[in-house]
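Notes for the structure review
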Amino acid sequence: MLRTKLGRRMVAATLGLACILGAATASQARVLVSGARVHCTYQNETGADEIFLKFNGVRLNMGNFTNGKDYTSPSTLIVSSLPVNIEIWEDDGNHWYDGDDWWGGTACQSFGFCHDESIDGGFQNHSYSYSATLSFTQ
Ligand SMILES: [Ca+2]
Ligand SMILES: [Ca+2]
Ligand SMILES: [Ca+2]
């Protein structure tokens, strides 16, 4: 009788632990960002635009862009969870008198291909598209 009770308690305790571990694994699921791509239809600056993307605030340099340039980064990075906010920026050295230019962003809500465009007129005149693939990872 005593052994059976103890056995049940141990089974219950083991199941409880398995549930806790299962929950911890699920909450630690992360997002792999790969294939980050930028296409420049129309550049902003006279020489070249220095483009970088941000994924949930993590910066990925994409290099210099002139009209027609298309570049896919070989780099990957991992962010904590969905949604993943992708932003496109143009680097100006981030001086106090000339900050980096934020050109927009989009919140990717699900795994798979995520794409957006940034088109502006006036002082920040430019036309770009940018994308990345988001995959489940642990
Ligand atoms: Ca600029
Ligand atoms: Ca610049
Ligand atoms: Ca600027």
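In this report, we go over the structure that sits alongside the text.

Conventions used here
Residues numbered from 1 in each chain as written. Chains lettered and ligands numbered in written order. Predicted model: local features only at pLDDT ≥ 70, side-chain atom pairs only at ≥ 80, totals over all residues. Helix = DSSP H or I, 4+ residues; strand = E, 2+ residues; numbered from the N terminus. Buried ≥ 20, exposed ≤ 12 C-beta atoms within 10 Å, placed from the backbone. Contact = placed C-beta atoms within 7 Å. Pairing = 2+ DSSP bridges. Axes fitted to C-alpha atoms, helices over the stretch in contact; angles between N-to-C directions. Core = buried A, V, L, I, M, F, W, Y, C linked by C-beta atoms within 7 Å.

Points about the overall build of the protein chain
If you tally the helices and strands in the protein chain, you get one helix and nine strands. Sequence-ordered secondary structure for the protein chain, helices as α and strands as β, is α-β-β-β-β-β-β-β-β-β. The 138 residues of the protein chain split such that 20% are buried. Within the protein chain, contacts between residues separated by at least 24 positions form 57% of all contacts whose residues are at least 6 apart in sequence.

Looking at the environment of Phe113
Relative to the helices and strands, Phe113 is located in strand E8 (residues 112–120). For Phe113, a count of 11 C-beta atoms within 10 Å puts it in the exposed group. It is 9.8 Å that separates the C-alpha atoms of Phe113 and Ser34, two residues lying 79 residues apart in sequence. Those residues in contact with Phe113, other than ones at most four positions away along the chain, are Ser131 and Thr133.

Let's talk about unusual backbone geometry
Following Leu82, the chain continues to Pro83 via a peptide bond in cis, the omega torsion being -5°. By the secondary structure assignment, Pro83 is in the loop between strand E5 (77–79) and strand E6 (84–90). Non-glycine residue Asn56 carries a positive phi angle of around 50°. Looking at where Asn56 falls in the secondary structure, it is placed in the loop between strand E2 (49–55) and strand E3 (58–65). Non-glycine residue Asn94 carries a positive phi angle of around 50°. Looking at the element boundaries, Asn94 is found in the loop between E6 and strand E7 (101–108).

Focus: the sheet that holds E2
Taken in spatial order, the four strands of this open sheet run E3-E2-E6-E7, and their pairing is antiparallel. Pairing within the sheet leaves two strands with one partner each, and these edge strands are E3 and E7. Each strand of the sheet is rotated relative to its neighbour by a mean of 20°, with strand direction disregarded.

Points about the pairing of E8
Here E8 runs beside strand E9 (residues 126–137); their pairing, made up of nine bridges, is antiparallel. Counted as the bridge partner of Phe113 is Thr133 from E9. Here E8 folds back onto E9, and the loop between the two strands holds five residues, one of which, Gly122, carries a positive phi near 65°.

A word on the nonpolar core
In this structure, Val33, Val38, Leu53, Val84, Ile86, Ile88 and Leu134 are the most contacted members of the largest nonpolar core, which totals 21 residues. The element contributing the most residues to this core is strand E1 (residues 30–42), with five residues. Residues in contact with Leu53, not counting those within four places in the same chain, are Ala36, Leu60, Met62, Ile86, Glu87, Ile88 and Tyr130.

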